[in-house]
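One letter stands for each residue in the lines below.
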Amino acid sequence: MASRTLSRPVLRRRAVTALLYAALVLFAVWVLFPFWFLVNSSFMTPAEAVAVPPHWIPEEPTLGNYSAILAGQVAPGGAQVGLRVLTALGESLAVGILTVVANLALGGTAAYSMSRFRFRGSRLSYFSVLFARLVPPIAIVAAFFVALRDLGLINSRYGLVIVYTSFTLPITILVLKNYFDGLPRELDEAALVDGASRLQALWYVIRPIARPGFIAAACLVFLESWGEFFYALTLTNQLTIPPVLAGFRGFFQFNWTTLAAATVLAVVPPVLLALVFQRYVVRGLAQGVAK
Amino acid sequence: MTTPRRETTAARTKAPPQAGSRLSDRQFGLVLALPAIISLVLVVGIPGIQTLIYSFQRVPLSDDPATFVGTDNYGKVLGDESFVESLVVTLQYTAGYVLLATVLGLLFALLLDQPLRGRGIARALLIIPWATPVIIAGVMWKWLIDPQVGGLNAVLFEIGVIEDYKPFLADREWALVFTILAAAWHQASFSALLFLASLQTLPNEIVEAAKVDGATAWQRFRGVVFPWIRPMLLVVVIINVIYGVLQFDTVWVMTQGGPGDATTLLPILLYRQLFIFSDIGAGSALAVMLGVVAVLVSSIALILLGRDDPLAA
């Protein structure tokens, strides 16, 4: 093939493209390197995990860490984590689902109201939602601690659901209100003209159409709930998975490989959820959370 | 915002209240919103006020009534040496965190906005650190940089950056750096997702027109792209500042505030006041100060963004 002489702009453009792809690779490393290390460790024996230099692929891969957790047994190296991790994952799931349900029911109706109706105090309601969104959870933990203690709801999944609603409900309302605002009012009106009540219009017409909004809100709320650490640490005795992972060293005979497996199990649900509903989540994030 | 007003009047003139519903539109709207509003009063309003009250009280652990102590708790918190130290650490932490999370986020967004092959996959990758709970980011980074089991030491050793495996978290400065890095790893993705959403609304014609006019990439960024995303930049910076000041998770799991007090951020101090020293009064005073700062910072941002009337947005 004849050698081509390339003009300078073409060369420049190629160099830029090469640089961009190099940056893309660096970006992928930034995201994946910690995960590679985590997943890799979770398939190792404790002995292999301390090898110097480290193995980037397990030489003797083992499922021991996972099976110990899933079967509730003592893990390789003697870590007694099994029971606790599975129960905590279950509790995290329960708290997440209950929080989502409470959010969609309370937030869905309120957002619809704020999008469609004006009433005495509707502005105040909206501002109170915005204000509630700005109050950092950590700033009101003392009151929750005393109140839940007096109510006997310390270390209770329902206690956590109540507390989590305090910082998720404003997000839900903002995301959903934003979504409802984008739906033409003619939809509601047509339903009303056809003889539906206002509640029926909301339930049978708006709710199905607003599904993407609900999915976005549900995902955001579940992710917040699943990863919440501060309240779970202070208001429960390692009820959900975050404090269990954080307290591994203090409470179990420790080994990193078992913690790695538990961490993998804890990180798969939220990552999967976000990937599956990527489009909805990103839109909800941009429209609701950033405002 | 003209639409809802128009719609309500339209609805009112059009519709005599349907059978079975004796509520006017106004009442119906209120009834729909009420459960959520009452909930927010119960789980945000009252705890907020209660915390404010605690901050002026001495709260015994037993059932004995709390006693009013004026501003003693605030004096106690502000007069404590550890508060000043913690404030300095928090400011350092926040500065590093905001810078890293925002700049990396912007770079990622600009990169993933380019028409590159594999961009779809890369955008899916982008969401992963954000979907990873901060606490888990802390766990991963803690062990990634561990001298015994971690991989980072080996990498840095191989490429000659360090001469020996280092227990980074035992070093005051490295501990701060890596607790920042772990949290920023999560947050840079968040920033990037928001920047990317903003970039995608930038009309392509504008960029193309600038190209036709012979603007260089840097000129296009300065003259077109940057002005376009500036409102979003403000949002992202504000959110990052607040998350930085309130950061707890990564620090707790990686260093618990140590070594010494090197990473004792204000939220860690708050935790200690409330749950180690069981001083609900002093803890609440600190909490109120943190809360007021957070609310003030974001309110100022809302005003700067011209959203002081959000209903008109």
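> Tell me about the overall build of chain A, residues and numbers included.
Along the backbone of chain A there are 15 helices and 0 strands. A compact globule built from 291 residues should have a C-alpha radius of gyration of about 19 Å, whereas chain A, at 25 Å, is more than 25% larger. A burial count over chain A gives 55% of its 291 residues as buried. Taking the contacts inside chain A whose residues are at least 6 apart along the sequence as the reference set, 73% of them involve residues at least 24 apart.

> Summarise the nonpolar core; cite the residues concerned and give the values.
Counting 192 residues, the largest nonpolar core has Y231 and W256 of chain A together with W130 of chain B as the members making the most contacts within it. Here this core gets 18 residues from one element, more than from any other, and that element is helix α8 (residues 172–199) of chain B. The two domains that each donate at least three residues to this core are domain 1 (8–71) and domain 2 (84–253 + 266–289) of chain A. Not counting chain neighbours up to four residues away, the residues in contact with Y231 of chain A comprise P137, I138, I140, V141, F144, L160, V163, Y164, F167 and T236 of chain A.

> How would you explain the domain arrangement of chain A if you had to name every residue and give the values?
The domain boundaries assigned to chain A delineate domain 1 (8–71) and domain 2 (84–253 + 266–289). Computed over C-alpha atoms only, the centres of domain 1 of chain A and domain 2 of chain A are separated by 34 Å.

> Could you give an account of the interface of chain B and chain A, naming the residues involved and the relevant values?
Across the boundary between the two partners, chain B contributes 99 residues, which contact 98 residues of chain A. For the pair chain B and chain A, the summed buried surface comes to about 8800 Å²; carbon and sulfur atoms form 78% of the total. At the boundary of chain B and chain A, one finds 1 salt bridge. The residue R198 of chain A makes a salt bridge to D25 of chain B at a minimum N-O spacing of 2.7 Å. Between chain B and chain A we count 6 residue pairs in polar contact (both at pLDDT 80 or more) in total. No other element matches helix α2 (residues 25–54) of chain B, which puts 19 residues into the side of chain B that touches chain A. Looking at side-chain class alone, the side of chain B that touches chain A contains 69 nonpolar, 19 polar and 11 charged residues.

> Break down the pattern of salt bridges for me, with residues and values.
Where charged atoms of side chains with opposite charge meet at close range, the side chains can pair. Residues and elements named next belong to chain A. This structure, assessed with the given rule, holds 8 salt bridges over all chains. In this structure, the salt-bridge partner of R157 is E91, at a minimum N-O distance of 3.0 Å. Residue R157 is located in helix α7 (residues 157–181), and its partner E91 is located in helix α4 (residues 82–116); the two are separated by 66 residues in the primary sequence. Judged by relative accessible area, which is 29%, R157 ranks as partly exposed.

> Describe the packing of helix α3 (residues 64–71) of chain A against helix α14 (residues 256–276) of chain A, with residues and values.
All names here are of chain A. Running from N to C, α3 and α14 cross one another at 65°; their axes reach a closest spacing of 8 Å. As the angle between them shows, α3 and α14 are arranged roughly perpendicular. Once α3 is placed against α14, the crossing between them reads as right-handed. Between α3 and α14, the residues in contact are N65, Y66, I69 and L70 and T257, T258, A261, A262, V264 and L265, respectively. Grouping the amino acids of the contact of α3 with α14 by side-chain chemistry returns 7 nonpolar, 3 polar and no charged.

> Pulling in residues and values, what's your account of the side chain of S125 of chain A?
Along the chain, S125 of chain A turns up in helix α5 (residues 122–134). The class of S125 of chain A is buried, set by a relative accessible area of 7%. Among the polar contacts made by the side chain of S125 of chain A, one reaches the main-chain carbonyl oxygen of G121 of chain A at a distance of 2.8 Å. Residues within four places of S125 of chain A in sequence aside, it is in contact with M114 and F119 of chain A together with I37 of chain B.

> Explain a nonpolar patch on the surface to me, using residue names and the numbers behind them.
Residues and elements named next belong to chain B. On the surface, L30, L34, I38, V41, L42 and I46 cluster together into a nonpolar patch covering about 490 Å² of accessible area. With respect to the helices and strands, the residue V41 is situated in helix α2. On the basis of relative accessible area, V41 is assigned to the partly exposed category, the value being 43%.

> Account for the packing of aromatic side chains, with residues named and values stated.
Where two aromatic rings form a pair, the distance of their centres and the angle of their planes describe that pair. Inspection of the entire model under this criterion finds 34 aromatic pairs over all chains. Ring geometry for Y271 of chain B and F275 of chain B: centres 5.4 Å apart, planes at 40°, overall tilted. Placement of both Y271 of chain B and F275 of chain B in helix α12 (residues 266–276) is noted, with a separation of 4 residues, approximately one turn of the helix. Here Y271 of chain B falls in the buried class, since its relative accessible area comes to 11%. Taken together, the ring pairs in this structure connect F144, F145, Y164, F167, F229, F230 and Y231 of chain A together with F248, W252, Y271 and F275 of chain B into an aromatic cluster.

> Go over the packing of α7 of chain A against helix α10 (residues 211–227) of chain A, please, and point to the residues and values.
All names here are of chain A. It is the contact of α7 with α10, at a shortest axis distance of 9 Å, that shows an interaxial angle of 160°. In this view, α7 runs roughly antiparallel relative to α10, as classed from their interaxial angle. Seen along the crossing, α7 lies across α10 with a hand that is right-handed. Between α7 and α10, the contacting residues are Y164, F167, T168, I171, T172, V175, L176, Y179 and F180 on the first element and P212, G213, F214, A216, A217, L220, V221, E224 and S225 on the second. A class-by-class count of the residues in the contact of α7 with α10 yields 13 nonpolar, 4 polar and 1 charged.

> Provide a residue-level description of helix α6 (residues 134–144) of chain B, including the pertinent values.
Most of α6 of chain B is tucked away, with 10 of its 11 residues classed as buried. Taken together, the buried positions of α6 of chain B are occupied by I135, I136, A137, G138, V139, M140, W141, K142, W143 and L144 of chain B.

> Describe the environment of R58 of chain B, naming the residues involved and giving the relevant values.
Residue and element names in this part refer to chain B. Inspection of the secondary structure assignment puts R58 in strand β1 (residues 57–58). In this structure R58 comes out as exposed when scored by relative accessible area, which is 55%. In this structure the C-alpha to C-alpha distance between R58 and G70, which are 12 residues apart in sequence, comes to 9.4 Å. Every residue in contact with R58, bar those within four places of it in the chain, is listed here: A66, T67 and V69.

> Residue-level account of unusual backbone geometry, with values.
Cis rather than trans, the peptide bond between G258 of chain B and P259 of chain B has omega equal to -5°. Within the secondary structure, P259 of chain B is located in the loop between α11 (249–254) and α12. Even without a glycine there, the phi angle at Q238 of chain A is positive, about 50°. Within the secondary structure layout, Q238 of chain A lies in the loop between α11 (230–235) and α12 (241–246). The residue Q256 of chain B is not glycine, and still its phi comes out positive at about 55°. Relative to the elements of secondary structure, Q256 of chain B occurs in the loop between α11 and α12. Given a relative accessible area of 43%, Q256 of chain B falls into the partly exposed group.

> Account for the side chain of S42 of chain A, naming residues and giving values.
On the secondary structure map, S42 of chain A appears in helix α1 (residues 8–42). In this structure S42 of chain A touches T62, N65, Y66, T257, A260, A261 and V264 of chain A, once residues within four positions along its chain are discounted.

Reading the values: the criteria
- Residues numbered from 1 in each chain as written.
- Chains lettered and ligands numbered in written order.
- Predicted model: local features only at pLDDT ≥ 70, side-chain atom pairs only at ≥ 80, totals over all residues.
- Heavy atoms only, no water.
- Helix = DSSP H or I, 4+ residues; strand = E, 2+ residues; numbered from the N terminus.
- Rg over C-alpha atoms; globule rule 2.2 N^0.38 Å.
- Buried < 20%, exposed > 50% of the residue type's maximum accessible area, 1.4 Å probe, protein only.
- Contact = heavy atoms within 4.5 Å.
- Core = buried A, V, L, I, M, F, W, Y, C linked by side-chain atoms within 4.5 Å.
- Domains from an automatic or database assignment.
- Buried area = accessible area lost by both parts, 1.4 Å probe.
- Salt bridge = Lys/Arg side-chain N within 4 Å of Asp/Glu carboxyl O.
- Polar contact = N/O pair within 3.5 Å; in protein donor to acceptor, adjacent residues only side chain to side chain.
- Nonpolar A, V, L, I, M, F, W, Y, C, P; charged D, E, K, R; others polar.
- Axes fitted to C-alpha atoms, helices over the stretch in contact; angles between N-to-C directions.
- Parallel < 35°, antiparallel > 145°, perpendicular 65-115°, else oblique.
- Left-handed = near helix turned anticlockwise from the far one by under 90°.
- Patch = residues over 30% accessible without salt bridge, like charges linked within 9 Å, V, L, I, M, F, W, Y side chains within 5 Å.
- Areas by Shrake-Rupley, 256 points an atom, 1.4 Å probe, with all protein chains shown as cover.
- Phe/Tyr/Trp six-rings, centres within 6.5 Å; stacked < 30°, edge-to-face > 60°.

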